[in-house]
Amino acid sequence: MKKARTVTAVLCVAAAAIISLCVNSAGGFALAFLVESTSDIFRKCGIALLASSAFLIAGTVIACFKKVWVPLVLNVIGTACYIYTVSGIYSIPNTLRPKTDTEPLAERHLLTVTVTVLLFALTVFNYLDEKNVSKRNEKRRLKAERLARKLSDDEKII
């Protein structure tokens with residue numbers, strides 16, 4: 001289990017560095033600030049792609065510290081941002097840009113699915129980690145003890 005988590009963590013960091021940091025950040029910057037168009041869709045897609053990169057990289061960094069819920073939320077937000085970008089690029093009318101230009105552009109950013117899947121797998125490994133399982137079990141035990149304790153003489157149930 002530890003080896004699988006380590007391999008997943010290394011792959012996740014590598015994928016986030018290559019895909020999110022390099023490909024998506026460069027593409028987001030180009031879409032947001034370099035592409036001139038009469039439509040504002042490129043700027044919105046570029047900003048969403050930059051946000052996706054930021055959320056996925058932050059989720060990967062936090063997941064490396066064996067956290068569970070924060071990376072999961074960041075993964076969902078980052079995934080939603082790049083899905084918005086890809087669907088926005090696919091929805092650009094053929095009169096504005098030919099489909100031969102926009103389809104390869106959108107397909108380049110579909111690689112981000114790799115980061116999403118690896119980050120989700122890393123989060124699952126973190127959830128199943130022995131320390132996290134023992135912490136959850138200890139919390140349950142303390143709650144059960146607190147609920148099952150006997151009342152003292154000066155306490156009443158209202």
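Residues numbered from 1 in each chain as written. Predicted model: local features only at pLDDT ≥ 70, side-chain atom pairs only at ≥ 80, totals over all residues. Heavy atoms only, no water.

Trainee: Any chance you could explain a nonpolar patch on the surface here in plain terms?
Mentor: There is a patch of nonpolar side chains on the surface, built from M1, W69, F120, V124, Y127 and L128 and spanning about 630 Å² of accessible area. At three residues, the largest contribution of residues to the nonpolar patch is made by helix α5 (residues 112–127). Relative to the helices and strands, Y127 is located in helix α5. (Patch = residues over 30% accessible without salt bridge, like charges linked within 9 Å, V, L, I, M, F, W, Y side chains within 5 Å. Areas by Shrake-Rupley, 256 points an atom, 1.4 Å probe, with all protein chains shown as cover. Salt bridge = Lys/Arg side-chain N within 4 Å of Asp/Glu carboxyl O. Helix = DSSP H or I, 4+ residues; strand = E, 2+ residues; numbered from the N terminus.)

Trainee: I keep staring at the environment of F125 and nothing clicks. Help me out?
Mentor: With respect to the helices, strands and loops of the structure, F125 is situated in helix α5. With 104 residues separating them in the primary sequence, F125 and L21 have C-alpha atoms 23 Å apart. Dropping the residues within four chain positions of it, F125 is found in contact with M1, A4, R5 and T8. (Contact = heavy atoms within 4.5 Å.)

Trainee: How should I be thinking about the packing of helix α1 (residues 2–34) against α5 in this particular structure?
Mentor: For any two helices packed against each other, the geometry is given by the interaxial angle and the distance between the axes. Interaxial distance between α1 and α5 falls to 9 Å at its minimum, and their mutual angle equals 150 degrees. The pairing of α1 with α5 is recorded here as roughly antiparallel in orientation. Crossing hand, α1 versus α5: left-handed. Every residue of α5 that contacts α1 at A4, R5, T8, A9, L11, C12, A15, A16, I19, S20 and N24 is listed here: T112, T114, V115, L118, L119, A121, L122, F125 and N126. Of the residues contributing to the contact of α1 with α5, the split by class is 13 nonpolar, six polar and one charged. (Axes fitted to C-alpha atoms, helices over the stretch in contact; angles between N-to-C directions. Parallel < 35°, antiparallel > 145°, perpendicular 65-115°, else oblique. Left-handed = near helix turned anticlockwise from the far one by under 90°. Nonpolar A, V, L, I, M, F, W, Y, C, P; charged D, E, K, R; others polar.)

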